[in-house]
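# Breakdown of the fold
Spelled out from the first residue to the last, the chains are:
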Amino acid sequence: MDTATLTDDDRWRIALAKDRRYDGQFVTGVHSTGIYCRPSCAARPPLRRNVRFYASPAEAEAAGLRACLRCKPADVARDEAAVRAAIEEIRSHDDAPSLAELAALTGYSASHFQRIFTRITGLSPAAYARALREERARAALSGAARVNDAIYDAGYSGPGRFYKAMEGKMGMAPSAWRSGGRGETIRWAVAPTTLGPMLVAATARGVCRLSFGEGRAELEARFPNAELVEGGAEFEALLADVVASVESPGDFLHIPLDVQGTAFQERCWQALRAIPPGETRTYAEIAAAAGNPKAVRAAGSANARNNVAVLIPCHRVIRTGGDLGGYAYGLEIKRELLKRESGR
Ligand SMILES: [Zn+2]
């Protein structure tokens with residue numbers, strides 16, 4: 001849900017659901033008791049008629065309310081500032097600072113700091129540092145002369161730890177990634193569909209590219225060193241499955257994918273796959289579902305980095321207010337996909 005367009009009914013539903021992703025977005029004022037709370041306050045729900053919503057603790061206090069002692073709504077801004085400071089600290093060091101060091105920096109106890117960091121970012125400080133290293137490794141790999149240089153540039157202590165951290169994440173060994181798919185066999189075909197010619201390509205692990213209006217040349221540019229093999233008996237079965245899911249949208253979550261993204265991008269892609277067919281979401285909602293409601297821009301770029309159209313349904317993201325927004329393969333295809341999914 002885009003917080004800029006929340007109605008009071010939305011806020012009430014959020015408060016009843018005690019949805020902590022909205023902590024800091026507004027506060028719930030309870031005029032019968034004279035207190036205000038975070039949306040996620042664990043206290044018993046007040047009666048709707050006693051509730052008014054305020055954009056900030058300051059506004060609630062101006063209306064004569066006091067901060068709830070249980071959920072401490074006025075601390076949200078302080079928590080966020082502490083988390084921001086910690087993130088800067090992590091980003092500016094090759095070696096991740098310890099939890100104790102981060103906690104000391106922010107003035108919280110280690111356990112309390114771990115809790116608020118995880119609540120706000122969706123990751124523990126250690127997992128955040130790990131994800132950051134992976135992201136830097138990917139950025140470096142695309143330009144680095146040698147894989148090992150990239151590994152050390154990214155702040156890993158050695159190749160062993162790097163490969164371990166990458167396991168099950170990229171779906172390709174780092175050397176194959178850097179050299180455009182070297183060592184990979186990618187099977188592919190262009191299938192005619194009612195949406196136009198559709199390129200489907202897959203490694204042994206799953207679909208690595210689905211796009212419209214592309215062919216061998218585009219695939220080669222993306223994976224210049226992979227062995228591209230057109231068709232093949234086993235691939236035909238997968239291809240038929242993919243085409244069917246495009247022609248009559250339904251269940252395609254069983255189709256295996258081979259995708260590579262940062263930890264956050266992968267969570268965004270999972271969030272896209274969780275949208276029921278026939279429904280749409282905004283970038284803000286995807287960011288929230290991926291565990292970081294503030295990372296709206298990053299959710300947008302995760303959408304843009306999606307290699308596998310339709311099966312990672314980035315077409316289900318529209319602008320706040322209902323505008324269709326953009327689509328890599330043209331709005332006509334996006335509109336048609338949404339129309340099919342809504343059954344109209
Ligand atoms: Zn409270």
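A brief report on the enclosed structure follows. (Residues numbered from 1 in each chain as written. Predicted model: local features only at pLDDT ≥ 70, side-chain atom pairs only at ≥ 80, totals over all residues. Heavy atoms only, no water.)

### Quick look at the layout of surface pockets
A volume near 720 Å³ is recorded for the largest pocket. What lines the largest pocket is a set of 25 residues, among which Tyr-128, Phe-264, Asn-292, Ala-295 and Ala-298 lie closest to the centre. When residues of the lining of the largest pocket are traced back to their parent elements, those giving at least two are helix H3 (76-91), helix H5 (110-121), helix H6 (125-141), helix H12 (263-273) and helix H14 (296-304). It is H6 that contributes the most residues to the lining of the largest pocket, 6 residues altogether. Residue composition of the lining of the largest pocket, by class: 12 nonpolar, 5 polar and 8 charged. Volume-wise, the second largest pocket comes out at about 380 Å³. If you go around the second largest pocket, you meet 17 residues; those closest to its centre are Arg-38, Arg-70, Cys-71, His-112 and Arg-119. Elements with a minimum of two residues in the lining of the second largest pocket: H3 and H5. Broken down by element, the lining of the second largest pocket gets its largest block of residues, 4 residues, from H5. (1 Å grid on protein atoms, 1.4 Å probe; cavity = no way out; pocket = protein on both sides within 12 Å on 5 of 7 lines; lining within 4 Å. Points joined across faces, edges and corners; volume = space filled by probe spheres on them. Helix = DSSP H or I, 4+ residues; strand = E, 2+ residues; numbered from the N terminus. Nonpolar A, V, L, I, M, F, W, Y, C, P; charged D, E, K, R; others polar.)

### Here we look at the nonpolar core
Among the nonpolar cores identified, the biggest contains 40 residues, and Val-207, Leu-210, Phe-212 and Val-242 are the most heavily contacted of them. At the level of secondary structure, the elements contributing two or more residues to this core comprise strand E5 (185-191), strand E6 (198-202), strand E7 (207-212), helix H11 (233-247), H12, helix H13 (283-289), H14 and helix H15 (331-342). At 6 residues, the largest contribution of residues to this core is made by H11. If sequence neighbours within four positions are ignored, Leu-210 has contacts with Met-198, Leu-199, Val-200, Val-242, Asn-307, Val-308, Ala-309, Val-310, Leu-311 and Tyr-329. (Core = buried A, V, L, I, M, F, W, Y, C linked by side-chain atoms within 4.5 Å. Buried < 20%, exposed > 50% of the residue type's maximum accessible area, 1.4 Å probe, protein only. Contact = heavy atoms within 4.5 Å.)

### Looking at the packing of aromatic side chains
Counted according to the given criterion, the structure contains 5 aromatic pairs. Measuring from ring centre to ring centre gives 5.7 Å for Phe-113 and Phe-117, while their planes differ by 55 degrees; the resulting arrangement is tilted. Of this pair, Phe-113 and Phe-117 are both found in helix H5, 4 residues apart, which corresponds to roughly one turn of the helix. On the accessibility criterion, Phe-113 (0% relative accessible area) is buried. (Phe/Tyr/Trp six-rings, centres within 6.5 Å; stacked < 30°, edge-to-face > 60°.)

### Looking at the environment of Asp-241
Mapped onto the secondary structure, Asp-241 falls in helix H11. The spacing of Asp-241 and His-254 is 13 residues in sequence and 9.8 Å in space, taken between C-alpha atoms. Leave out the neighbours within four places in its chain, and Asp-241 touches His-254 and Ile-255.

### Section: the pairing of strand E1 (residues 27-30)
The side-chain alternation of E1 yields two buried faces, one formed by Val-27 and Gly-29 and the other by Thr-28 and Val-30. Relative to strand E3 (residues 51-54), E1 runs antiparallel, the two being bridged by 4 bridges. For Thr-28, the partnering residue across the bridge sits in E3 and is Phe-53. Two elements, E1 and strand E2 (residues 35-37), share 3 bridges in a ladder whose sense is antiparallel. Bridged to Gly-29 within E2 is Tyr-36. Connecting the antiparallel pair E1 and E2 is a turn made up of 4 residues, with Gly-34 showing a positive phi of about 75 degrees. (Pairing = 2+ DSSP bridges.)

### Structural notes on the coordination of the zinc ion
With distances of 2.2 to 2.4 Å, the protein atoms coordinating the zinc ion are Cys-37 (SG), Cys-41 (SG), Cys-68 (SG) and Cys-71 (SG). Because the angles between the 4 donor atoms bound to the zinc ion fall within 105 to 124 degrees, the donor set is best described as tetrahedral. Binding-site remark: the zinc ion is held by donors from one chain whose sequence spacing is C-x3-C-x26-C-x2-C. Relative accessible area serves as the criterion here: at 8%, Cys-37 is assigned to the buried category. (Donors = N, O, S within 2.8 Å, 3.2 Å for Na, K, Ca; no water. Tetrahedral: all angles 85-135°; square planar, octahedral: opposite > 155°, others 65-115°.)

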